[in-house]
Amino acid sequence: LGEDRRWNVFEIILVALAIVEVIFSVAAPSAGNDSTKNLSLFRILRLTRITRLLRVCRLEIFCDLMVMIKGACGGIKTLLWASILLSLPIYAVSILFRETLGI
């Protein structure tokens, strides 16, 4: 099993919970929403499997990708402020034209 032993046990538990969920949905289809609300927790637990993908991003291959993503996020912030600073004078001039010329 090696270093991924905990992840393997976690996935086995998720598979077992999925089987239990299917059995409950087949055994009691007319039970209503009360029984299925409790089973939505199983679905949330299955989403935690995505965290396993975060381990892949630690590889050296993805270092450049992470730098690019961080740069893009910083660039979005700069782009937002630039658009605000460009739109303010345009808005002010449009209000001036509207009041003086009536265009």
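Quick caveat: nothing in here was measured; it's all calculated off a predicted structure. (Residues numbered from 1 in each chain as written. Predicted model: local features only at pLDDT ≥ 70, side-chain atom pairs only at ≥ 80, totals over all residues. Heavy atoms only, no water.)

### Section: the overall build of the protein chain
Right, so step 1: Along the protein chain, the regular secondary structure elements total four helices and zero strands.
Right, so step 2: Counting every position in the protein chain, which comprises 103 residues, the buried fraction comes to 5%. (Helix = DSSP H or I, 4+ residues; strand = E, 2+ residues; numbered from the N terminus. Buried < 20%, exposed > 50% of the residue type's maximum accessible area, 1.4 Å probe, protein only.)

### With respect to helix H1 (residues 5-27)
Right, so step 1: Its 23 residues place the ends of H1 33 Å apart at the C-alpha level, agreeing with the 33 Å of an ideal helix rising 1.5 Å per residue.
Right, so step 2: For H1, the complete set of buried residues consists of Glu11, Leu14 and Glu21. (Expected span 1.5 Å × (residues − 1).)

### Digging into the confidence of the model for the protein chain
Right, so step 1: Per-residue confidence for the protein chain gives a mean pLDDT of 77, with 67% of residues at or over 70.
Right, so step 2: Per-element confidence in the protein chain ranges from a low mean pLDDT of 60 for helix H2 (residues 33-47) to a high of 91 for helix H4 (residues 63-100). (pLDDT = per-residue confidence, 0-100.)

### Quick look at a nonpolar patch on the surface
Right, so step 1: Judged by side-chain polarity, Leu80, Trp81, Ile84, Leu85 and Leu88 come together as a nonpolar surface patch covering roughly 520 Å² of accessible area.
Right, so step 2: When you line up the elements, Leu85 lands in helix H4. (Patch = residues over 30% accessible without salt bridge, like charges linked within 9 Å, V, L, I, M, F, W, Y side chains within 5 Å. Areas by Shrake-Rupley, 256 points an atom, 1.4 Å probe, with all protein chains shown as cover. Salt bridge = Lys/Arg side-chain N within 4 Å of Asp/Glu carboxyl O.)

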